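# An overview of the molecular structure
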Amino acid sequence: MQTMTSRRDLLKAALGTAAIMATPDSLAGALSPAIEKAAPGDLAASAFRQLRLGEVRPAGWLLRQLRIQADGMGGHLDEFWPDVGPNSGWLGGTGESWERGPYFVDGLLPLAWMLDDDVLKAKAMRFVEWTLTHQSPDGMIGPASNDDWWPRMVMLKVLMQYHGATSDPRVLPVMTRYFHHQLQTLPSRPLRDWGKYRWQDEALVVAWLYEKTADDKLLALANLLQQQGFDWVANYANFKFTGPTSRAVLSKTAIGGNKDEGMQTHGVNNGMGLKTAAVRYRFNRSEEEHANFAQGIATLDRYHGMPNGIFSCDEHLAGLDPNHGTELCTVVETMFSMEVALATFGDPKIADRIEKIAFNALPGTFTDDMWAHQYDQQPNQVQSSLNSKPWTTNGPESNLYGLEPNFGCCTANFHQGWPKFTASLWMSTHDGGLVATMYAPCEVKTKLQGVNLHLREETDYPFRGTIRITVSPEKTLRFPMLLRIPAWAKTAAVHVNGTLTEATAAPGTFMRLERSWAAGDNVEIRFPLEPTISRSFQRSVVVERGPLVFSLSPGESWVKLRDRGLTADWQVFPTRPWNYALAVDEVSGAKLKVVERPVPARPFAAEAAAVAIEIRGRRLPSWRSEDGVADPLPPSPVTSAETEEVLALVPYAGAKLRVTAFPQLAPDPKQSSGTS
Ligand SMILES: [Zn+2]
């Protein structure tokens, strides 16, 4: 009989930093039934736990946003896009049988449960039912016409969410049979291509199932996936891709050269790969994994970071100039990776970053009605047109707004962005409490320590800085409530039932309020929201306020390119100049004039923007565009003899054309004491 300690050693070996080389058979032998059944506690506990799907529901502007998604392309795609329509291979048809069906349901299912929308639930359930009821005798799931491991990894994430919402007893046995089949088959049919670079998305589900079943074979499978998969942690520790990916290198790749370089610089692969350290930590318990995760983010920021919180990839890593683009799949996959890491490590910095992506890059790449999206968005995006673009490998349609510009992966995959963000707003703690990880209006109905609890969060955050939380436990209950204080919130104030708390609201921490909570108790958080100036490529200036990034809109003239079923493809042209330099620095930025208006029906719409910032600038005639792309940013500071103008910046997401990183004007010599 082995002790728990030796069992933990086995777990470490299963996904250690120095993974043991073993065939699955010898591993399965090593983890033979002689070993006592593992307790779920054998896996490293994640810092926070996700609530069950449906326990967090959107309210206020976030409810309107999810409803827009459901009433837009998100809820209607299956009605006119064949790849997720009734002939999908994931419904037993002869149509698309790869990733698009699973991608679609990975977001549609949580959207449906969050909105408690029976029509959407029925649409998602068609795919879930077919998958659960068409497992092969050998354990394989999915369309028989395509045996790629990769799309199944996505469907496993769907089933995990579905089980969270319903506890359907069919889910765990189907998953178990599939994983056993894969453990047997992987040695002769190993991970390749996408699956090799995305194995961590399956290992995540393996850990989830292991917590429920303590099935030893799952540890062997996790080990095998890691052995066959790409080592993302080592990739970021010894990072080779420090500049824009070369099209020449990739074209050599296409004719049988180094295919791996194309995969390793692929934006979506990187977005998914970021979660690897968090997934490994569950198995190997190594405290280094938190630092490994942070290193992945810092590395991408350093060489490819964009002012909207994401990294460039069009569709391979593209460097620091904000005229480069980021694929929508990368936006939603990076958010999901960070949501996993946030729960795993309980690090408030991760939540700061998710908010920045969710409130800027995510809505910024859709029309406000969510009937059209881009493949690539640019922080400095001065035209969305068919012109050739600076992309490394993407085609000329990549920044059009439409049904499937460039390629249809994002059309199927974008659905997960808002629903999974909403599901992650509140999590539970291991000592029977709740944690507000990120902020947006919502409601929570859950059980804490066996007591039913209803919580209401009312706020117009991120457009405003005040958040009001009302708790109503069924009976008075003592529990800790953790509130994230963002790193930018230097002077946050937190009141409980109207009294300023003595607990410290230190920026970049979770503030802990532990008390007996009675029905109707409330917490009011006031975050300071003042404009700040941050620096981007070539010492350009970027205006932010809390989690929102601000952009100049050069006006929009929408020109329909073609109808596409229930939607259409659009080019967008500017109606005003865009090439301004700004007269602002880190000190004067805090004094910029802020104009607040009610949050519009479409929350991020620019025509009546919920918040705008006035700023002085001058045109910079030498900064031009070619083929619809802004020239590379000139190094700051710059000078301009043009007339000074007052400009209104709006939230990044509202400006479908925009300039976000601006050259900084040198101080005006007429206003300084010296003359030259
Ligand atoms: Zn995509």
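Given the structure is predicted, the values throughout are model-derived calculations rather than measurements.

It is worth spelling out the pairing of strand E11 (residues 493–496) at this point. When E11 meets strand E14 (residues 521–526), the two strands line up antiparallel, connected through four bridges. Directly across from His495, in E14, lies its bridge partner Glu524. Pairing of E11 with strand E12 (residues 499–500), which is carried by two bridges, proceeds in the antiparallel orientation. Paired with His495 across the bridge in E12 is Leu500. The hairpin turn running from E11 into E12, its antiparallel successor, is two residues long, and Asn497 in that turn takes a positive phi close to 50 degrees.

This next bit is on the sheet that holds E14. The pairing of strands in a sheet comes from backbone hydrogen bonds and takes either a parallel or an antiparallel form. Ordered in space as E2-E7-E8-E9-E14-E11-E12, the seven strands form an open sheet in which the pairing is antiparallel. Of all strands in the sheet, those with a lone pairing partner are strand E2 (56–58) and E12, marking the two edges.

Coordination of the zinc ion by the protein comes from Glu327 (OE), Cys329 (SG), Cys409 (SG) and Cys410 (SG), over a distance range of 2.0 to 2.3 Å. Between consecutive donor residues of the zinc ion, the sequence gaps follow E-x1-C-x79-C-C. Of this pair, Glu327 sits in strand E3 (residues 326–327) while Cys409 is found in helix H20 (residues 409–413), placing the two residues 82 residues apart along the sequence.

Before going further, it helps to spend a moment on the packing of aromatic side chains. Overall, the coordinates contain 34 aromatic pairs when judged by the stated rule. Centre to centre, the rings of Tyr103 and Trp150 are 6.0 Å apart; their planes meet at 70 degrees, and the pair counts as edge-to-face. Note that Tyr103 is positioned in helix H5 (residues 100–115) and Trp150 in helix H7 (residues 149–166), a separation of 47 residues in sequence. On the basis of relative accessible area, Tyr103 is assigned to the buried category, the value being 1%. A centroid spacing of 4.8 Å and a plane angle of 75 degrees characterise the contact between Trp578 and Trp623, whose relative ring orientation is edge-to-face. With a gap of 45 residues between them, Trp578 in the loop between strand E19 (567–573) and strand E20 (580–582) and Trp623 in the loop between strand E22 (611–619) and strand E23 (625–626) connect regions that are remote in the sequence. Take Trp578: its relative accessible area is 9%, and that puts it in the buried class. Site record: aromatic cluster; members linked through ring pairs are Trp61, Phe359, Trp418, Phe421, Tyr439, Tyr461, Phe463, Trp488, Phe527 and Phe604.

This part is about the packing of H7 against helix H8 (residues 171–185). In contact at an axis separation of 11 Å, H7 and H8 are set at 155 degrees when each is read in the N-to-C sense. Taken as axis vectors, H7 and H8 run roughly antiparallel relative to one another. Like other packed secondary-structure pairs, H7 and H8 cross with a definite hand, here left-handed. For the pair formed by H7 and H8, the contact residues are Trp149, Arg152, Leu156, Leu159, Met160, Tyr162 and His163 on the first element and Val171, Leu172, Met175, Tyr178, Phe179, His181, Gln182 and Thr185 on the second.

Here the focus is the domain arrangement of the protein. A common measure of how large an interface is: the accessible area buried when the components associate. Entries for the protein in the domain assignment read domain 1 (72–229), domain 2 (431–526) and domain 3 (531–673). The gap between the C-alpha centroids of domain 2 and domain 3 is 35 Å. With six residues of domain 2 in contact, the opposing surface of domain 3 contributes twelve residues. Interface area lost by domain 2 to domain 3 is led by Pro462, Phe463 and Arg464, which between them contribute 79%. Between the two partners, domain 2 and domain 3, sit one salt bridge.

One open sheet holds the five strands; their spatial order is E1-E5-E6-E10-E13, and the pairing between them is mixed. The strands lining the two open edges of the sheet, one partner per strand, are strand E1 (48–50) and strand E13 (509–517). Strand after strand, the sheet turns through a mean of 30 degrees between neighbouring axes, direction not considered. As judged from the three bridges shared by strand E6 (residues 434–436) and strand E10 (residues 477–485), these two strands associate in the parallel manner. Opposite Ala436, over in E10, you have Leu483 as the bridge partner. Of the strands in this sheet, E10 and E13 are in contact with helix H19 (residues 348–364), which crosses E10 at around 60 degrees.

Attention now moves to the confidence of the model for the protein. Taken residue by residue, the protein gives an average pLDDT of 92. The fraction at 70 or more is 92%. Every residue in residues 17–38 scores below 50 in pLDDT, and together they form 37 contacts with partners more than four places removed in sequence or on other chains. Under a pLDDT of 50 for its full length, residues 672–676 has, in the predicted model, one contact with residues more than four places off or in other chains.

In this structure, Pro462 follows Tyr461 across a cis peptide bond, with omega equal to 10 degrees. Structurally, Pro462 can be placed in the loop between strand E8 (451–459) and strand E9 (466–473). The linkage connecting Ser636 with the following residue, Pro637, adopts the cis geometry, with an omega of 0 degrees. Positionally, Pro637 belongs in the loop between strand E24 (629–630) and strand E25 (645–651). Of note in the backbone geometry, Gln449 takes a positive phi value of approximately 50 degrees without being a glycine. Along the chain, Gln449 falls in the loop between strand E7 (442–448) and E8. Of note in this structure, Asn497 is not a glycine but carries a positive phi near 50 degrees. Turning to its location among the elements, Asn497 is positioned in the loop between E11 and E12.

In this section: the packing of helix H16 (residues 276–284) against helix H17 (residues 288–304). Interhelical geometry of H16 versus H17 gives an angle of 175 degrees and a closest axis separation of 9 Å. Regarding the angle of H16 to H17, the classification is roughly antiparallel. Contacts from Ala277, Arg280, Tyr281 and Asn284 in H16 reach Glu289, Asn292 and Phe293 in H17. Its residues assigned to classes, the contact of H16 with H17 shows three nonpolar, two polar and two charged.

Looking now at the side chain of Thr446. With respect to the helices and strands, the residue Thr446 is situated in strand E7. For Thr446, a relative accessible area of 8% translates into the label buried. Among the polar contacts listed, one links the side chain of Thr446 to the side chain of Glu55, at a separation of 3.0 Å. The contacts of Thr446, once residues within four sequence positions are left out, are Leu51, Glu55, Val451, Asn452 and Leu453.

Take the environment of Tyr375 next. With respect to the helices and strands, Tyr375 occurs in the loop between H19 and strand E4 (376–377). Spatially, the C-alpha atoms of Tyr375 and Pro169 are 38 Å apart, while their sequence positions differ by 206 residues.

Between its terminal C-alpha atoms helix H11 (residues 216–228) stretches 19 Å, which fits the 18 Å expected from 13 residues at 1.5 Å a residue. Buried residues dominate H11, accounting for eleven of its 13 residues. Among the residues making up H11, those that are buried are Asp216, Leu218, Leu219, Ala220, Leu221, Ala222, Asn223, Leu224, Leu225, Gln226 and Gln228. Where H11 starts, the residue carrying a side-chain oxygen 3.0 Å from the main-chain nitrogen of Lys217 turns out to be Asp215.

Topologically, Lys475 is positioned in the loop between E9 and E10. Separated by 109 residues in sequence, Lys475 and Phe366 place their C-alpha atoms 44 Å apart. Leave out the neighbours within four places in its chain, and Lys475 touches Val451 and Trp517.

Conventions used here
- Throughout this description, residue numbers start from 1 for each chain and increase along the sequence as written.
- Where local features are concerned, this predicted model is filtered to residues with pLDDT of at least 70; where side-chain atom pairs are given and counted, the filter is 80 or more; whole-chain, interface and lining totals use all residues.
- Side-chain numbers here rest on the full set of heavy atoms in the structure, without hydrogens or water.
- Any two strands between which DSSP finds at least two bridges are classified as paired.
- Think of it this way: any DSSP run of H or I at least four residues long counts as a helix, any run of E at least two long counts as a strand, and we number them from the N terminus.
- The donor set comprises N, O and S atoms within 2.8 Å of the metal, extended to 3.2 Å for Na, K and Ca; water molecules are omitted, so apparent gaps in a site may simply reflect that omission.
- For Phe, Tyr and Trp, where Trp contributes only its six-membered ring, two rings pair if their centres lie within 6.5 Å, and the inter-plane angle classes them as stacked under 30 degrees, edge-to-face over 60, or tilted in between.
- Type-normalised accessible area, obtained with a 1.4 Å probe on protein chains alone, sets the label of each residue: buried when under 20%, exposed when over 50%, and partly exposed for intermediate values.
- Helix axes use the C-alpha atoms of the stretch in contact, all axes being lines fitted to C-alpha atoms, and the angles between their N-to-C directions lie in the range 0 to 180 degrees.
- Note that the term roughly parallel is reserved for angles under 35 degrees, roughly antiparallel for angles over 145, roughly perpendicular for angles of 65 to 115, and oblique for everything else.
- Handedness of a crossing follows from how the near helix is turned relative to the far one, being left-handed for an anticlockwise turn of less than a right angle and right-handed for a clockwise one.
- We call two residues in contact when some of their heavy atoms are within 4.5 Å.
- For each domain, the first and last residues come from an automatic or database assignment.
- Accessible area, probed at 1.4 Å, shrinks when two parts are joined; the buried area is that loss added up over both.
- Criterion for a salt bridge: a side-chain nitrogen of Lys or Arg within 4 Å of a carboxyl oxygen of Asp or Glu.
- Confidence per residue, as judged by the predictor, is encoded in pLDDT with a range of 0 to 100.
- Under the scheme applied here, ten amino acids are nonpolar (Ala, Val, Leu, Ile, Met, Phe, Trp, Tyr, Cys and Pro), four are charged (Asp, Glu, Lys and Arg), and all others, including Gly, are polar.
- Two N or O atoms form a polar contact when they lie within 3.5 Å of each other; inside protein one atom must be a possible hydrogen donor and the other a possible acceptor, and for residues adjacent in sequence the pair counts only when both atoms belong to side chains.
- For a helix, the expected span equals 1.5 Å multiplied by the number of residues minus one.

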